Amino acid sequence: MVLSRGWSLLLTGVGIWSWVIWPRFAVAIWDDPASWSGGVSGASAPTGFLWVHAFLIVGSLTLGSAVGVLGVRGLLAARRRRAVPPS
């Protein structure tokens, strides 16, 4: 499959966006009193709220990374196609 430069840029942007947004969201979830049975960050047992969001964050970062890698690979392939003159 050959990706156009535009699609490759979009996929790369989605990968970068994932790494900008999700870690910030992880910090917010960690600091949320609903994440801990005692209501204080890290001072008591984690709740299901924390575990569900941790799973979502890890899954989203994994998918975002995979999409970003595909975008970068598409950009590199497009650059190689432009560098080699057609025979």
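Summary of the structure given here.

Parameters at a glance
Residues numbered from 1 in each chain as written. Predicted model: local features only at pLDDT ≥ 70, side-chain atom pairs only at ≥ 80, totals over all residues. Heavy atoms only, no water. Helix = DSSP H or I, 4+ residues; strand = E, 2+ residues; numbered from the N terminus. Expected span 1.5 Å × (residues − 1). Buried < 20%, exposed > 50% of the residue type's maximum accessible area, 1.4 Å probe, protein only. Contact = heavy atoms within 4.5 Å. Axes fitted to C-alpha atoms, helices over the stretch in contact; angles between N-to-C directions. Parallel < 35°, antiparallel > 145°, perpendicular 65-115°, else oblique. Left-handed = near helix turned anticlockwise from the far one by under 90°. Nonpolar A, V, L, I, M, F, W, Y, C, P; charged D, E, K, R; others polar. Patch = residues over 30% accessible without salt bridge, like charges linked within 9 Å, V, L, I, M, F, W, Y side chains within 5 Å. Areas by Shrake-Rupley, 256 points an atom, 1.4 Å probe, with all protein chains shown as cover. Salt bridge = Lys/Arg side-chain N within 4 Å of Asp/Glu carboxyl O. Lys, Arg positive; Asp, Glu negative; His and termini not counted. Charge placed at Lys NZ, Arg CZ, Asp CG, Glu CD. Phe/Tyr/Trp six-rings, centres within 6.5 Å; stacked < 30°, edge-to-face > 60°.

### Some words on helix H1 (residues 5-31)
The first and last C-alpha atoms of H1 sit 40 Å apart over 27 residues, in line with the 39 Å expected at 1.5 Å per residue. When H1 is considered as a whole, its buried residues turn out to be Ser-8, Thr-12, Gly-15, Ser-18 and Ile-29. In this structure, the buried residues of H1 make contact with helix H2 (48-83).

### So, the packing of H1 against H2
At a minimum axis separation of 7 Å, H1 and H2 run at an interaxial angle of 160 degrees. In terms of orientation, H1 and H2 fall into the roughly antiparallel class. Considering how the two elements wind past one another, H1 and H2 form a crossing that is left-handed. Classifying every residue of the contact of H1 with H2 by side-chain character gives 18 nonpolar, 11 polar and one charged.

### Topic: H2
Counted at 1.5 Å a residue, the expected span for H2 with its 36 residues is 52 Å, and the 52 Å between its end C-alpha atoms agrees. Among all positions of H2, only Leu-50, His-53, Ile-57, Leu-61, Gly-64, Gly-68, Gly-71, Gly-74 and Ala-78 are buried. As for H2, its buried residues are in contact with H1.

### Some points on a positive patch on the surface
Together, Arg-5, Arg-73, Arg-79, Arg-80, Arg-81 and Arg-82 give the surface a local cluster of positive charge. Here the element with the most residues in the positive patch is H2; it accounts for five residues. Note that Arg-5 resides in helix H1.

### Quick word on the packing of aromatic side chains
Summed over the entire model, instances satisfying the criterion amount to two aromatic pairs. Between Trp-22 and Phe-25 the ring centres are 5.4 Å apart and the planes differ by 85 degrees, which places this aromatic pair in the edge-to-face class. Highlighted residues: Trp-22 and Phe-25, both in helix H1, separated by three residues, approximately one helical turn. The exposure class of Trp-22 is partly exposed, given its relative accessible area of 24%. Looking at Phe-25, the relative accessible area reads 31%, which means it is partly exposed.

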